[in-house]
Amino acid sequence: MTRQWLRQLKPDQDRPHHEPALSPAAVSAMTAVLGPDPVRWAVQTADTMAAEILEQVPEHGGGPAPLATLRRSTESTVLAALRLLLTETTGEGGAMPEEALEGCREFARRGVALDRVLRGVRLGHARLTQELTSAVEQYVPAGERLTELRRITEELFTHADTHASLIAETYIAERDRWRGSDEAARRKTIDDLLAARPVKPEAATRQLRYNVTRTHLAAVLWCDSTEDPLPAAERLQHTATALARTVGTGHPLMVPATGNIAWLWLHAPDDLAGLTDRARAATERSSGVHLALGPPAHGTAGMRRSHYGAREAERVARLAPGNWLTDYREVRLFALVTADPEHARWFLHDLLGPLASDGARVRELRETLRVYLAEERSLRAAASTLHVARNTVTYRVKRAEELLPAATTGSTLELRLALEIARILLG
């Protein structure tokens, strides 16, 4: 039996829709089997699953990297279930997607308890069953619904039961391998440093083969989903090596965070002038690798400080895709005021009103006003920065101020903050 009604699945236009976390190649392969709308339905359903899992089992989260891993796992699982329901009748539950297995291995390496991992599996299964039950009500003729609901429920139960067993086996194998590895000991030392737990610098230096007592420059590197022939790990290593050769001193410390994300620490040079420009020149934009730099900081506390600065720079970069290199020192104000992104957007629209609208002309007015205020309201300096005539700055500033809500014009600090947020969030 084939279930052609599955090809009619469409995403809900009233619910959020994100770009797939899986690679374009994986999405393309599933689209060939299921069709574009069912794939979009699967991505939306997987996002809902991930959000519910994070809410009830927060150990699955912990930053952009774990979230990306979770989204790849849920997407691959939903797509595999749809393919099984559409084309299989064996009742064996289907093969486990590699993305889900890798997510399970990561949970083992992070020390997430197995019962919490399996709790996430059960939550995801419940959500998928609920979504498909609703779809049966919508797409299957009334006279066939009861039979189809029974078959769907039975096959999904077998699917989830098989996957739970495979996840438990994979988790235990990875946990045992990890506990006996040098990599695990190194990661524990790093976890202690990042959690601000006391460590002995000499022992940490010996374990990490990296001097933790010097001044550090941390970075987060990640690959996007471009179709590059080189594996992500090789691309990350190539970029890290190029950065360390030009910017750092001594042997760097690189730690895989997930399959396509790595954490890096370098010993910062004595001369910090032009550090970002040197990093940009050393690495260029190649192989779909993105780079976020933290602030230079000293000692064991500095490793933590610089790393979390790099993580914030990564968060900013993901909020405004486009820049392949982001330096925390250049976006720290934005990072501070967008720690709660939803609140930041409210603030932005409250302060800017119509000036927060879309369109090239409004963006031009916004940017002119931002530069004008940053240059202490100097028409000459703003014109020089923007490479336009003073009269042009005068006109644009006047027009921008006309678009602002009346309550905004007297609050220069808040207005400047709103314009800085808009520069990245709105362009």
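Our subject is the structure that appears above.
Quick summary incoming for the structure in this document. (Residues numbered from 1 in each chain as written. Predicted model: local features only at pLDDT ≥ 70, side-chain atom pairs only at ≥ 80, totals over all residues. Heavy atoms only, no water.)

## Side note on the overall build of the chain
We count it as follows: For helices the rule is a DSSP run of H or I covering at least 4 residues; for strands it is a run of E covering at least 2, with both sets numbered from the N terminus onward. Buried, partly exposed and exposed residues are distinguished by accessible area as a fraction of the type maximum, computed with a 1.4 Å probe on protein chains only: under 20%, between the cut-offs, and over 50%, respectively. We call two residues contacting when some pair of their heavy atoms lies within 4.5 Å. The protein chains shown are the only cover counted for residues, whose accessible areas, like all others here, come from Shrake-Rupley with a 1.4 Å probe.
For the chain, the helix and strand inventory stands at 17 helices and 6 strands. Expressed along its principal axes, the backbone C-alpha trace of the chain runs to roughly 75 × 60 × 35 Å. Split into buried and exposed, the 427 residues of the chain put 47% on the buried side. Put simply, of all contacts in the chain between residues at least 6 apart along the chain, 73% involve residues at least 24 apart. Working note: accessible area of the chain is about 20900 Å², and carbon and sulfur atoms make up 52% of it.

## Structural notes on the side chain of Arg311
Threshold: Under the convention used here, Asp and Glu are negative, Lys and Arg are positive, and both His and the chain ends fall outside the count. What counts as a salt bridge is simple: a side-chain nitrogen of Lys or Arg found within 4 Å of a carboxyl oxygen of Asp or Glu.
Topologically, Arg311 is positioned in helix H11 (residues 299–319). No salt bridge is formed by the buried Arg311; its nearest oppositely charged neighbour, Glu314, is found at 4.3 Å. The contacts of Arg311, once residues within four sequence positions are left out, are Gly62, Gly63, Val220 and Trp263.

## Here's the deal with the pattern of salt bridges
In a structure, side chains of opposite charge can pair up when their charged atoms sit close to one another. Taken as a whole, this structure holds 26 salt bridges when the rule is applied. Across the salt bridge formed by Arg109 and Glu102, the nearest N and O atoms sit 2.7 Å from each other. The closest approach of N and O atoms between Asp191 and Arg187, which form a salt bridge, is 3.2 Å. On the criterion of helical spacing, the pair formed by Asp191 and Arg187 is a turn pair, its members being 4 residues apart in helix H7 (residues 182–194). Take Arg187: its relative accessible area is 15%, and that puts it in the buried class.

## Focus on helix H17 (residues 412–425)
As a reminder of what qualifies: By definition here, a helix of n residues has an expected span of 1.5 Å times n minus one.
Compared with an ideal rise of 1.5 Å per residue, which puts 14 residues at 20 Å, H17 spans 20 Å between its outermost C-alpha atoms and is within 8% of the ideal. When we look at burial in H17, the residues that qualify are Leu415, Leu417, Ala418, Leu419, Glu420, Ile421, Ala422, Ile424 and Leu425. Next to the buried residues of H17 lie H11, helix H12 (328–337), helix H13 (341–352) and helix H14 (360–374). Directly after H17, the chain includes Gly427, whose backbone phi takes a positive value near 90 degrees.

## Re the nonpolar core
Inclusion rule: By nonpolar core is meant a set of buried Ala, Val, Leu, Ile, Met, Phe, Trp, Tyr and Cys residues that side-chain atoms within 4.5 Å join together.
One finds Leu253, Trp265, Leu352, Leu355 and Leu369 to be the most contacted residues of the largest nonpolar core, which totals 54 residues. The element that contributes the greatest number of residues to this core is H17, accounting for 7 residues. Among all residues touching Leu352, those that are not within four sequence positions of it are Arg366, Leu403, Leu404, Pro405, Leu415, Ala418, Leu419 and Ala422. One finds Leu9, Ala46, Leu86 and Val136 within the second-largest nonpolar core, a separate group that totals 27 residues.

## Comments concerning H7
With 13 residues, H7 should cover 18 Å at 1.5 Å per step; its first-to-last C-alpha distance of 19 Å lies within 8% of that length. Along H7, the residues that are buried comprise Ala184, Arg186, Arg187, Thr189, Ile190, Asp192, Leu193 and Leu194. Buried-residue contacts for H7 involve helix H6 (145–179), helix H8 (201–208), strand S2 (249–258), strand S3 (261–267) and H11.

## Describing the pairing of S2
Quick reminder of the rule: When DSSP locates at least two bridges between a pair of strands, those strands are taken to pair.
Pairing between S2 and S3: 6 bridges, direction antiparallel. Looking across to S3, one finds that Thr249 is bridged to His267. Between S2 and S3, which pair antiparallel in sequence order, lie 2 residues.

## Focus on the pairing of S3
With 7 of its 7 residues buried, S3 lies for the most part within the structure. Side chains Ile261, Trp263, Trp265 and His267 of S3 all project onto a buried face; the interleaved residues Ala262, Leu264 and Leu266 project onto the opposite face, where all are buried too. In this sheet, S3 lies alongside strand S1 (residues 215–223) in antiparallel orientation, the contact comprising 7 bridges. Across the sheet, residue Leu221 finds its bridge partner in S3, namely Ala262.

## Here we look at unusual backbone geometry
Most peptide bonds are trans, and most residues other than glycine sit at a negative phi. The backbone of Arg209 shows a phi angle near 55 degrees, a positive value even though the residue is not glycine. For Arg209, the location among the structural elements is in the loop between H8 and S1. Despite not being glycine, His387 shows a phi value in the positive range, around 60 degrees. Along the chain, His387 turns up in the loop between helix H15 (379–386) and helix H16 (390–403). Residue classification places His387 among the exposed positions, given a relative accessible area of 71%.

## As for the packing of helix H2 (residues 36–56) against helix H5 (residues 114–139)
Selection criterion: For every element, the axis is a line fit to its C-alpha atoms; helices are fit only across the contacting stretch, and the angle between N-to-C directions ranges from 0 to 180 degrees. By definition in this entry, angles of less than 35 degrees are roughly parallel, angles greater than 145 are roughly antiparallel, angles of 65 to 115 are roughly perpendicular, and the rest are oblique. What makes a crossing left-handed is the near helix being turned counterclockwise from the far one by less than a right angle; a clockwise turn instead makes it right-handed. Any residue that is not Ala, Val, Leu, Ile, Met, Phe, Trp, Tyr, Cys, Pro, Asp, Glu, Lys or Arg is counted as polar, Gly included; the first ten are nonpolar and the last four charged.
For the pair H2 and H5, the least separation of the axes is 9 Å and the interaxial angle reads 140 degrees. With respect to their mutual orientation, H2 and H5 come out oblique. Seen from above, H2 lies across H5 with right-handed handedness. Each of Trp41, Thr45, Thr48, Met49, Glu52, Ile53 and Gln56 in H2 lies in contact with H5, whose residues at this interface are Arg116, Arg119, Gly120, Leu123, Gly124, Arg127, Leu128, Glu131 and Leu132. Class assignment for the residues of the contact of H2 with H5 results in 6 nonpolar, 5 polar and 5 charged.

## Digging into the packing of H2 against helix H3 (residues 64–87)
For the pair H2 and H3, interaxial distance at closest approach is 8 Å and the crossing angle is 130 degrees. Overall, the two elements H2 and H3 adopt an arrangement that is oblique. Considering the relative orientation of H2 and H3, their crossing is right-handed. Contacts from Pro38, Val39, Trp41, Ala42, Val43, Ala46, Asp47, Met49, Ala50, Ile53 and Leu54 of H2 reach H3 at Leu67, Leu70, Arg71, Thr74, Glu75, Val78, Leu79 and Leu82. Grouping the constituent residues of the contact of H2 with H3 by class yields 15 nonpolar, 1 polar and 3 charged.

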